[in-house]
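Per-entry structural report
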Amino acid sequence: MLQHRFKYLAVAGLAVTALTVQPAIAQKSKDIMRFGINDPFSSLDSYHVPHEETGLFTRVMYGVLLVYDEHQGKFLPELAKSWKQIDAKTYEFELRDDVYFHSGNKFTSEDVKHTIEYIGNPKVKIRFKRRYSWVKDVEILGPYKLRIVAKQPRATALSSIAYRFRIYDSKIHKGLKTLADQAAYGRVSASSTGPYKLVSLDKKGVVIERFKKYHGSAHRRAPTNRVFGRFIPDKQSQKAELLTGGLDLMRDITADDERLLASNTDLRISSTSSKQIMYLTMDAAGRSANKAMTDIRVRQALMKSIDRERLINTFVAGGKSAERPNSVCFKLTVACNPTTKPLGYDPAGAKKLLAEAGYANGLSIKLNAYAPIKNIAVAVAGDLRKVGIKASIEPLPLMVYVKKRGAGKFTAFLGKYPTAAQPDTENLLNFFFGANRDYYKDPLINGAAKKGSTEFDVKKRAAFYTPALDQVNKMSFIYPLTEVPVVFAHTKEVEIKPNLQSSGEIRVGDFFWK
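A short tour of the structure in this document, coming up. Keep in mind that this is a model prediction, so the values were computed, not measured.

What to know about the environment of R251
Note that R251 resides in strand β11 (residues 249–251). Through-space distance from the C-alpha of R251 to that of I445 is 35 Å; in sequence the pair is 194 residues apart. What R251 contacts, discounting residues up to four positions off in sequence, is F35, N38, E52, E53, L56, K235, Q276, V486, V487 and F488.

Structural data, given as structure tokens:
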């Protein structure tokens, strides 16, 4: 599987006075790791707030039945001791009988049944409902034995259970009487079985603490006693806090800051493969007010106008080692096998296509962008301007862009998605072409996704998906620009270690003191 590529950059003797790290209040002695959160969130619950940065915490707080070890390429037990497939739709699990929730309640089959039935309830409104609504029934066979039954054969059932089904403490959750109260579980009463437990979540940030009664799965760890995620949306403010001792680390730094901070002898830069995909979507279906992108020539012109290599090498931190995906998945994503590539850089060809489409004098569009990658949107807009496309940039925080995307407001959108959250092509086709995220309405893609979802043989499933992945390129629906490496700037007392289970994610359980 994917290998983390860590690099530690410290150029001795080049630190400048303006960048000298000021003496910090000793947080190492208190065993509190402090890092900056780019996009504040209101709850630590991956069902109701499926946010990239909440995942840093929820993956160390919540327990799952099993995990997929991406390094070894196999499923491993966590809350389940063992499992077997009874038939094409049924999986049976033997559960551990020695696990306790953060609340002190004992974990049983009832907690699994309650969690799955809650998220499958049609009255519970969550994003990505299809990730969970495939379950028909959870049959309790005993306090520590159960079966999960699908509505139809599902090739990625075990993968979904491993990556998506995080178990609630049913005694606590049932005590929340209204749906609104239950939706706030991750803010006011989160309790699960992971190595960290929630201490507080407020306007300042989130604090989690090592759970002393953790059951001890080998693929999970809690190296620091407390982690404090501070809500600081402004990157310059985060950098100032790092330099003056208010933070121990910050993530997702820009390429300019990577070069600048590497010259500081008190800091280190750690870069790792992430399998986050940065993508540019275009409104081929004409959902937004501006219908220009319904013309394939305009979409092709937009793609041809972008100098991909210059963009990645100059503006993406860690970009030189980033994978350039050929479609909306990476080489080692399960069942990803496109046979085509996106259009290459050709500004003269872009101008010709625009003229053919009736825009010889230029075209104006709004380019919405996920706020933390605004700097990349600015660079993209610069390339577009050279061929006559005037793009006004509107950076948006996650919850705002989710609403606008669902309402069909985007003519073009620059975003990123953590494919390692479930590294399977089925998941990515659902993300880009499912529910109100679909700006293409392509029957070939939707049909291929449906066929592949019931095929258990991975090679055969990949064969179903290949035409869909190639169609993305043929129709210039989405430009899969690049992998976005996760690049941290941190004090020299901090070490970022590869995750024990994931080859494409770093979580707060991977933050260590030296």
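As for the sheet that holds strand β13 (residues 276–282)
If you trace the 5 strands from one edge of the open sheet to the other, you get β15-β14-β16-β13-β17, paired in mixed fashion. Each edge of the open sheet carries a strand with a single partner, namely β15 (389–396) and β17 (478–483). Put simply, the sheet's adjacent strands are angled 25° from each other on average, direction ignored. Two elements, β13 and strand β16 (residues 412–418), share 7 bridges in a ladder whose sense is antiparallel. What sits directly across from M278, in β16, is K416.

What about the state of the cysteines?
Summed over all chains, the structure comprises 1 disulfide. With a sulfur-sulfur separation of 2.1 Å, C329 is cross-linked through a disulfide to C336. When the S-S torsion is 75°, as for the bridge of C329 with C336, the disulfide is right-handed.

Here we look at the pattern of salt bridges
Following the criterion strictly, the structure yields 35 salt bridges and no others. The residue E52 makes a salt bridge to K416 at a minimum N-O spacing of 3.8 Å. Here the residue E52 occupies a position in helix α1 (residues 52–61), and K416 occupies one in strand β16, the gap between them amounting to 364 residues. Accessibility expressed as a relative area gives 17% for E52, which makes it buried. One salt bridge in this structure joins K113 and E117, with 2.6 Å as the shortest N-O distance. Here K113 pairs with E117, and both are found in helix α2 (residues 109–120), just 4 residues apart, close to one helical turn. Relative accessible area serves as the criterion here: at 18%, K113 is assigned to the buried category. Via salt bridges that share partners, E52, E53, R251, D252 and K416 belong to a single interconnected network.

Some thoughts on unusual backbone geometry
A positive phi angle, near 60°, is found at D31, a position not held by glycine. The backbone of A335 shows a phi angle near 65°, a positive value even though the residue is not glycine. Following the sequence through the fold, A335 ends up in the loop between α10 (308–315) and α11 (347–356).

Remarks on the sheet that holds strand β6 (residues 135–142)
Within the open sheet, the 4 strands sit side by side as β4-β5-β7-β6. Their pairing is antiparallel. Lying at the two open borders of the sheet, with one neighbouring strand each, are β4 (80–87) and β6. The average angle at which neighbouring strand axes cross in this sheet is 20°, direction not considered. Where strand β5 (residues 90–95) and strand β7 (residues 145–150) come together, 5 bridges link them in antiparallel fashion. Following the sheet pairing, E94 is matched in β7 by K145. The strands that α2 touches are β5, β6 and β7; relative to β6, the one it contacts most, it runs at about 170°.

Parameters and conventions
- Residues numbered from 1 in each chain as written.
- Predicted model: local features only at pLDDT ≥ 70, side-chain atom pairs only at ≥ 80, totals over all residues.
- Heavy atoms only, no water.
- Helix = DSSP H or I, 4+ residues; strand = E, 2+ residues; numbered from the N terminus.
- Contact = heavy atoms within 4.5 Å.
- Pairing = 2+ DSSP bridges.
- Axes fitted to C-alpha atoms, helices over the stretch in contact; angles between N-to-C directions.
- Disulfide = S-S within 2.5 Å.
- Salt bridge = Lys/Arg side-chain N within 4 Å of Asp/Glu carboxyl O.
- Buried < 20%, exposed > 50% of the residue type's maximum accessible area, 1.4 Å probe, protein only.

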